[in-house]
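Fold and contact review
Here is how the chains run, residue by residue.
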Amino acid sequence: MQILTSRLVKVVDKFLRTTQRFVYTQSGRGCLASMDSSTCKKACLYKRIGTHNGTFHCDEVLACFLLQQLPEYKNSEIIRTRDQAFLDECDVVVDVGGVFDPPNQRYDHHQRTFSDTMSSLQPGKKWVTKLSSAGLVYCFFGQRIIAQLIDAKPEDDITTIIYDKVYENFVEEIDAVDNGIEQTDEEKRYAVSTTLSMRVKYLNPRWNDPKPDEWGGFQKAMTLVGKEVIDMVHYYRSCWWPARELVEDALRQRMKVDSSGEIVVLSKSGCPWKDHLFTLEQQLEVKPEIKYILYADAKGGWRNQCVPLNKNTFVNSVS
């Protein structure tokens, strides 16, 4: 058994050394790593983002896409390899290399010692899900990326609030899936196979594909993931944020509507107020809590709705 184990180790080692010597570049070219790293460096006219080759996952795909939204990485080359000599020549490395070192732009999360979360890296944030490479890039660059996408400043309130919403409703899921963290400890009633992480997984070459196109699949994955995150950011900026402003204004004007302060009037129809009311009540320290919402309907009339106990229930606060 010991002899067999020793032989197995040698075979695995030989296999890894062979497969790690192949480099995929963003241009779609594959180059053998037999050429020295200085030659590769001269071939790259732009900054280089390094990540691993082989099976790709949603986290490093998103990490690469996010980095390329920054001015300094807009025209960057993506180098997909596990060869450390090539990774050392990259300006930033994600999801490979076994190093988490932000000052040197190294963002891997596979080390046994790694356990960071948004909460640990940004004290005051509430999320305690272990970060993947996507979460790490978002943690350190996300504020700038959001600001650029919504044409705001990184320090603006709108940037910070949308930054938090995108992490909570987009990036955290990818972090959890990549780290094998389930949503619940209970037995699942049914399978979910259409998540973004699963759709990225299906873009990998099939095991029995006679002509696998790994780089082509990675590019498709970047297009898929990129469109979804951009769409979400634009939704929060163009739809969600105006609704928040409308609800906040209505809360500030509530005493003019009724002296009880428990009735709010929304001047526009279709406003998704539930996602904002409870958050703004806490932030603005609204007392007593709002009981009724009056809002204009699409036909020019008015409707009245009782506020639920929270945004996830149909049980109202007056019953």
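Residues numbered from 1 in each chain as written. Predicted model: local features only at pLDDT ≥ 70, side-chain atom pairs only at ≥ 80, totals over all residues. Heavy atoms only, no water.

**Quick look at the overall build of the chain**
Operational definition: Helix numbers and strand numbers start at the N terminus; a helix is a DSSP run of H or I with at least 4 residues, a strand a run of E with at least 2. Remark: exposure states derive from per-residue accessible area (1.4 Å probe, protein chains only) relative to the maximum for the residue type, with buried under 20%, exposed over 50%, and partly exposed in between. Here, Shrake-Rupley sampling with a 1.4 Å probe gives the accessible areas, and only protein chains in the shown set may cover a residue.
Across its full length, the chain carries eleven helices and ten strands. Within the chain, buried positions represent 41% of all 319 residues. Taken as a whole, the chain presents about 18600 Å² of accessible surface, with 52% of it coming from carbon and sulfur.

**With respect to the packing of helix α3 (residues 58–67) against helix α9 (residues 214–252)**
The criterion, for reference: Every axis corresponds to a line fitted to the C-alpha atoms, with the helix fit spanning only the stretch in contact, and the corresponding angles, defined between N-to-C directions, vary from 0 to 180 degrees. These descriptions rest on fixed angle ranges, namely under 35 degrees for roughly parallel, over 145 for roughly antiparallel, 65 to 115 for roughly perpendicular, and the rest for oblique. Contacts are assigned to residue pairs with any non-hydrogen atoms lying within 4.5 Å of each other. Following the grouping adopted for this structure description, the nonpolar residues are Ala, Val, Leu, Ile, Met, Phe, Trp, Tyr, Cys and Pro, the charged ones are Asp, Glu, Lys and Arg, and the polar ones are all others, Gly among them.
Put simply, α3 and α9 touch, their axes get as near as 9 Å, and they point 70 degrees apart. If you check the angle between α3 and α9, you find them roughly perpendicular. Facing C58, E60, V61, L62, C64 and F65 of α3, the residues of α9 in contact are F218, A221, M222, V225, G226, V229 and I230. Broken down by class, the residue content of the contact of α3 with α9 amounts to eleven nonpolar, one polar and one charged.

**A closer look at the sheet that holds strand β10 (residues 302–306)**
Sheet strands pair via backbone hydrogen bonds, and the direction of the pair is either parallel or antiparallel. The test is simple: Here, a strand pair is defined by DSSP locating no fewer than two bridges between the strands.
The strand order across the open sheet built from three strands is β8-β9-β10, with neighbouring strands paired in mixed fashion. Two strands lie at the open edges of the sheet, namely β8 (263–266) and β10, each paired on one side alone. Neighbour-to-neighbour, the strand axes of the sheet open up by a mean angle of 20 degrees, direction not taken into account.

**Remarks on the pairing of β8**
Worth spelling out the cut-off: Crossovers are marked right-handed if the path from the first strand over the helix to the second runs clockwise, as seen with the strands pointing away from the viewer.
Only one face of β8 is covered, namely the face carrying V264 and L266; the face carrying I263 and V265 is uncovered. Here four bridges tie β8 to strand β9 (residues 292–296), and the two strands are oriented parallel to one another. Bridge assignment links I263 to a residue of β9, and that residue is Y292. As a crossover connection, the stretch from β8 through helix α11 (residues 274–283) into β9 is right-handed.

**Quick word on unusual backbone geometry**
Residue P288 is reached from K287 by a cis peptide bond, and omega for that bond is -5 degrees. For P288, the location among the structural elements is in the loop between α11 and β9. The phi dihedral of Q105 is positive, around 60 degrees, even though this residue is not glycine. Residue position: Q105 is located in the loop between β6 (100–101) and β7 (106–107). For E285, which is not a glycine, the phi torsion comes out positive at approximately 55 degrees. Tracing the sequence through the fold places E285 in the loop between α11 and β9. Residue classification places E285 among the exposed positions, given a relative accessible area of 66%.

**Regarding the confidence of the model for the chain**
Here is the rule we go by: Summary of the metric used: pLDDT quantifies the predictor's per-residue confidence within the range 0 to 100.
Per-residue confidence for the chain gives a mean pLDDT of 89, with 86% of residues at or over 70. Scored below 50 in pLDDT, residues 27–37 makes 22 contacts in the model with residues more than four places away or belonging to other chains.

**Digging into the pairing of β9**
Where β9 and β10 come together, five bridges link them in antiparallel fashion. Across the sheet, Y292 pairs through a bridge with C306, a residue of β10. Hairpin connection between β9 and β10: a loop of five residues separates the two successive antiparallel strands, and G300 in this loop has a positive phi of roughly 95 degrees.

**Some remarks on the side chain of E172**
Our working rule: In summary, the charge assignment counts Lys and Arg as positive and Asp and Glu as negative, without counting His or the chain termini. Each reported salt bridge corresponds to a side-chain nitrogen of Lys or Arg within 4 Å of a carboxyl oxygen of Asp or Glu. Whenever a nitrogen or oxygen atom comes within 3.5 Å of another N or O atom, the pair is scored as a polar contact, on the condition that within protein one atom can donate a hydrogen and the other can accept it, and that pairs from neighbouring residues in sequence are kept only if both atoms are in side chains.
Summarising the element assignment, E172 is placed in helix α7 (residues 157–178). This buried residue, E172, is left without a salt bridge; K126 holds the nearest opposite charge, at 7.8 Å. A polar contact is formed between the side chain of E172 and the side chain of T129, at a distance of 2.7 Å.

**Notes on the side chain of K125**
Relative to the helices and strands, K125 is located in the loop between α5 (118–121) and α6 (133–150). The exposure class assigned to K125 is buried, which follows from its relative accessible area of 17%. For K125, the side chain forms a polar contact with the side chain of D164, separated by 2.7 Å. Among residues more than four places away in sequence, those in contact with K125 are M118, S119, T160, Y163 and D164.

**A look at α11**
Residues spaced three or four apart along an α-helix face the same direction, because each turn holds 3.6 residues. By the burial criterion, the buried members of α11 are H276, L277, F278, L280 and E281. Tucked inside the fold, the buried residues of α11 contact α9 and β9. Where α11 terminates, the next one or two residues include E285, which has phi positive at roughly 55 degrees.

**Here's the deal with the state of the cysteines**
The cut-off we apply is this: Cysteine sulfurs are considered disulfide-paired once they come within 2.5 Å of each other.
Counting across every chain of the model gives zero disulfides. Here C64 is not cross-linked by a disulfide; its sulfur's nearest cysteine counterpart is in C90, at 9.9 Å. With no disulfide of its own, C271 has C239 as its nearest cysteine by sulfur position, at a separation of 8.6 Å.

**What about the nonpolar core?**
Rules: Put simply, buried Ala, Val, Leu, Ile, Met, Phe, Trp, Tyr and Cys residues joined by side-chain atoms within 4.5 Å make one nonpolar core.
Residues L62, L67 and V166 are the most contacted members of the largest nonpolar core, which totals 50 residues. Within the residue set of this core, elements represented by two or more residues are α3, β5 (92–94), α6, α7, α8 (196–201) and α9. With eleven residues, the single largest contributor to this core is α9. The next biggest cluster of nonpolar side chains, apart from the first, holds 17 residues, and it includes V264, C271, L277 and L280.

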